[in-house]
Amino acid sequence: MVLELKQNLKLTQQLVMTPQLQQAIKLLQLSRAELIDTINEELRSNPVLEEDEAGDSYSSTDGQGSEGLVDTDGSIQWEESVLPSLASTELEKTPWEDKAIEDVDWKQFWDEDRKNVIQAYSFEEKESPDYENLLTCSANLAEYLMWQLQMSRMDDEERAIGGLIIGNLDENGYLKASVQELAGEIGCATQKVEAVLRQIQMFDPVGVAARDLKECLLIQIEHLGVSDPLVRDLIIKYFKDVERHNYQVIAKATGRSIDDVLNSVTIISHLEPYPGRSYNTEETHYIVPDIYVYKIEDEYIVTLNEEDIPRLKINAFYREALTKEVSSNDVKDFIHDKLKSAIWLIRSIEQRQKTIFKVTTSIVKFQREFLDKGIDYFKPLKLRDVAEDVQMHESTISRVTTNKYVQTPQGLFELKFFFSRGINRENGEDIATHSIKQKIKQLVQSEDSSRPYSDKKIVELLEKDNIHIARRTVAKYREMLGISPSSHRKRINTKS
C-alpha cells in the first residue's frame, strides 16, 4: 500500500453561529432584570457606548417618528424594513463581516444613526412614591433573640450556650442541631444545654428553638396555660388523625364528645407552627412586566415597557475620532472593534424588543377569548402555532417567552402561561389544561365540606361536562393547585 498526499477541493455548506448572532440569541432569552444588568456591564466595559440621558424620543418633528417607528402616543409601530426578523438572520452574516468598516461613510452613518435606534417611551407623567415608604429595616430573628439573651439573667457560660443555640436555628426558628452536638461543641454537660434551651424556648416568639413541630406546639400551649389534657393528647397521640380530620376516631378513642374534639382542634389551629416566620428577612421580589396589553374599545393594544432600560448611543468623542485621521493603527482598530460591538448590541436590543412585540401580538390574537371572558375560554396553544404565525422558528418563540411577563386585563402572566396542551372532547372541541384546572378548583370550592369530593368523584363530574381524564390526572392537577386530598378537606358540622 502506497501512502501519498493529495489536495482535494470540496464544496460544503455549514451553519456557523457568529459571535454577534450568539449575542443576539443570548439577549433574546434574558429577563428584564438580566437585560438591564447586561447593558450596564457593557456600558462599563465599552467606552464607545454611553447612556443617553437626554430623554430623546427619537421621533421626528411631525410626530410620526423615524420611519414610522414611534407613534404620537409613544407606542411602537414596527416596520419590516428596519431590521429582518431574528429567524431570518440566524443563517446570515452581519453586514460588518461582508464590508470593511473602513469603507463605511461615517458622516452618512451618523446622520442616519437616530433612525436606526428604536425606542418607545411613555410620555405620561407619573408621581414617584415617597422615599420614606421605600426605606425599611427588617427585624432579624437571630438579632432579636440575642437581644433577649443579653437582657436575661443568665451567667456568661449560659449566654455562650444560648448564643450557640441561636446560631443553629433555621429560618423558621427550629433548632437544627442536637443537644449532644451543642454540648460537645462548647464542652459542657448536656443537662446544662437542656436548661438553657428551655429558657430560650420561652423567648419571644414562644416555641422558638423547638426541635420538631410537636415540641413547638406543646411549648405554646404550656405558655398559654391550656389546662385541658385533650389538647396535649391530640398533639402527642392523635396528631395524624387531626391532620386527616378523623374526629370521630379521636372522639371514640378518647371518650370525649365531638364538640370537645373540635374545640381542642380550634385551639391547636391558632398556634404558630413556624415561630420564626414573621422574622424571615427574605425580600419579596416584585415582577415588572416586559409588555402591557390594554383593551381600548374592542381592540387590544400591545405596548412594550421600556422604562428603566438604559438608552444607548455612541460617544460623541469617538464619533469625531473616526472622522479624523488616527495616527496609530492600534487605536484605530480598537475604536473599530468597540464600535462594531456597540452597534451590534444596540441592534440586538432593538431586535429583541421587536420580537417580543410580534410574539405577544400573536398570542393576543390566539387568546382573545381568554382576555375577554376569562380562564374558562382559554384555548390550547402550541409554540408551533405562534411560530408559523410570526414566521419564526419554535426555538426563537421558546426563548422569547421565557422569563418575560405581560400585564393583561386578566392579570399578570408569564408568556409561557399562554401555551397549554389540550384535551379532545367528544364534541370535537379542545379544552386547555388551564381550564380543566380551573374547573377542578371550582368543584372543590362548591363542595360540601362535610362530604368533600374524592378524585374519583371529580372525574365523574368532569365527564358530565365532556371532559374525560384519568383519576391520576385529577390528582396531579389537584396537587399543582395546592388542594389537599378529600380526607384533609373534610370538616364536621355540629349544631350549637
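As shown above, the structure is provided for reference.
Residues numbered from 1 in each chain as written. Predicted model: local features only at pLDDT ≥ 70, side-chain atom pairs only at ≥ 80, totals over all residues. Heavy atoms only, no water.

Attention shifts here to helix 2 (residues 32-45). The terminal C-alpha atoms of helix 2, which comprises 14 residues, lie 20 Å apart, in line with the 20 Å expected from a rise of 1.5 Å per residue. Residues Arg-32, Leu-35, Ile-36, Ile-39 and Glu-42 constitute the buried set of helix 2. Considered in projection along helix 2, the buried side chains sweep an arc of 125° and stay on one side of the axis. Along helix 2, exposed side chains directed more than 90 degrees from the buried face belong to Asp-37 and Arg-44. (Helix = DSSP H or I, 4+ residues; strand = E, 2+ residues; numbered from the N terminus. Expected span 1.5 Å × (residues − 1). Buried < 20%, exposed > 50% of the residue type's maximum accessible area, 1.4 Å probe, protein only. Arc of directions from axis to C-beta.)

Close contact between helix 10 (residues 213-224) and helix 11 (residues 229-236) brings their axes to 10 Å; oriented N to C, the two are set at 170°. By the angle between their directions, the pair helix 10 and helix 11 is classed as roughly antiparallel. Facing helix 10, whose interface residues are Lys-214, Leu-217, Leu-218 and Ile-221, helix 11 presents Val-231, Arg-232, Ile-235 and Ile-236. When the residues that make up the contact of helix 10 with helix 11 are grouped by side-chain class, the tally is six nonpolar, no polar and two charged. (Axes fitted to C-alpha atoms, helices over the stretch in contact; angles between N-to-C directions. Parallel < 35°, antiparallel > 145°, perpendicular 65-115°, else oblique. Contact = heavy atoms within 4.5 Å. Nonpolar A, V, L, I, M, F, W, Y, C, P; charged D, E, K, R; others polar.)

This brings us to the environment of Val-400. Along the chain, the position of Val-400 falls in helix 19 (residues 394-400). Placed 369 residues apart in sequence, Val-400 and Ser-31 show a C-alpha to C-alpha distance of 9.3 Å.

The sheet built from four strands is open, its strands ordered 3-2-5-6 with mixed pairing. Lying at the two open borders of the sheet, with one neighbouring strand each, are strand 3 (299-304) and strand 6 (411-414). The sheet shows a mean angle of 25° between the axes of neighbouring strands, taken without regard to direction. Bridge analysis of strand 5 (residues 405-408) against strand 6 gives four bridges, and the strand direction is antiparallel. Each residue of the ladder has a partner; that of Thr-408, found in strand 6, is Gly-411. Relative to strand 3, helix 16 (residues 329-366) is tilted by about 160°, and along the sheet it contacts strand 2 (291-296), strand 3 and strand 5. (Pairing = 2+ DSSP bridges.)

A few words now on the packing of helix 7 (residues 156-167) against helix 8 (residues 179-186). If you want to describe how two helices pack, look at the angle between their axes and the distance between the axes. Two elements in contact, helix 7 and helix 8, have axes separated by 11 Å at closest approach and are oriented at 130°. When the axes of helix 7 and helix 8 are compared, the pair comes out oblique. At the point where helix 7 passes helix 8, the crossing takes the right-handed sense. For the pair helix 7 and helix 8, contact is made by Ala-160, Ile-161, Leu-164 and Ile-165 and by Leu-182, Glu-185 and Ile-186, respectively. Within the contact of helix 7 with helix 8, the residues separate by chemical class into six nonpolar, no polar and one charged. (Left-handed = near helix turned anticlockwise from the far one by under 90°.)

On to the nonpolar core, then. Counting 27 residues, the largest nonpolar core has Ile-363, Val-386, Ile-397 and Phe-418 as its most contacted members. Elements represented by at least two residues in this core include exactly strand 2, strand 3, helix 16, helix 17 (368-373), helix 18 (383-390) and helix 19. At five residues, helix 16 tops the list of elements feeding residues into this core. In this structure, Leu-175, Leu-182, Ala-209 and Tyr-279 belong to the second largest nonpolar core, which totals 22 residues. (Core = buried A, V, L, I, M, F, W, Y, C linked by side-chain atoms within 4.5 Å.)

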